[in-house]
Amino acid sequence: QVQLVESGGGLVQPGGSLRLSCAASGSRIMFYDMDWYRLAPGKQRELVATITTSGITNYAGSVKGRFTISRDTAKNTVYLRMSSLRPEDTAVYYCYAMGSWGKGTLVTVSS
């Protein structure tokens, strides 16, 4: 029903910033909640951030104050702005909505 494509990952130094994008097609994002998850090596999948249809956001305690989720309805895209990045933020980041997953984008935080 909906296809999700993440982008924006890459290599960044500790303390740096990065913005991830999730472009949706096949459905309008204004009609459903959207989430960002991440999967780090040797760890279980973790819910990082959510945004509801009404614009309410929630964050994992480990990223609160450093990450910001937002959306651009006209572009049918959600974003994850990441700041003050730490090595433990290294993971593949996935977008999720309406039972569909993107293929992920890799974020590596290292000096």
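Please read all numbers here as calculations on a predicted model, not as lab measurements.

Asks: Can you break down the sheet that holds strand S1 (residues 3–7) residue by residue, with the values?
Replies: Taken in spatial order, the four strands of this open sheet run S1-S3-S8-S7, and their pairing is antiparallel. The open sheet terminates on both sides in strands that have one partner only, identified here as S1 and strand S7 (67–72). Each strand axis lies, on average, 20 degrees off the axis of its neighbour in the sheet, ignoring direction. One ladder, built from six bridges, connects S7 with strand S8 (residues 77–82); its direction is antiparallel. Counterpart to Asp-72 in the pairing with S8 is Thr-77.

Asks: Pulling in residues and values, what's your account of the state of the cysteines?
Replies: Disulfide: a covalent bond formed between the sulfur atoms of two cysteine residues. In total, this model carries one disulfide according to the counting rule given. Between Cys-22 and Cys-95 runs a disulfide, and the two sulfur atoms are separated by 2.2 Å. Taking the torsion about the S-S bond as the criterion, the Cys-22 to Cys-95 disulfide, at about -85 degrees, is left-handed. Pair noted here: Cys-22 is in strand S3 (residues 18–25) and Cys-95 is in strand S9 (residues 91–97), with a separation of 73 residues, a long-range link. You'll find Cys-22 and Cys-95 in the same group, each marked buried.

Rules of the game
Residues numbered from 1 in each chain as written. Predicted model: local features only at pLDDT ≥ 70, side-chain atom pairs only at ≥ 80, totals over all residues. Heavy atoms only, no water. Pairing = 2+ DSSP bridges. Helix = DSSP H or I, 4+ residues; strand = E, 2+ residues; numbered from the N terminus. Axes fitted to C-alpha atoms, helices over the stretch in contact; angles between N-to-C directions. Disulfide = S-S within 2.5 Å. Buried < 20%, exposed > 50% of the residue type's maximum accessible area, 1.4 Å probe, protein only.

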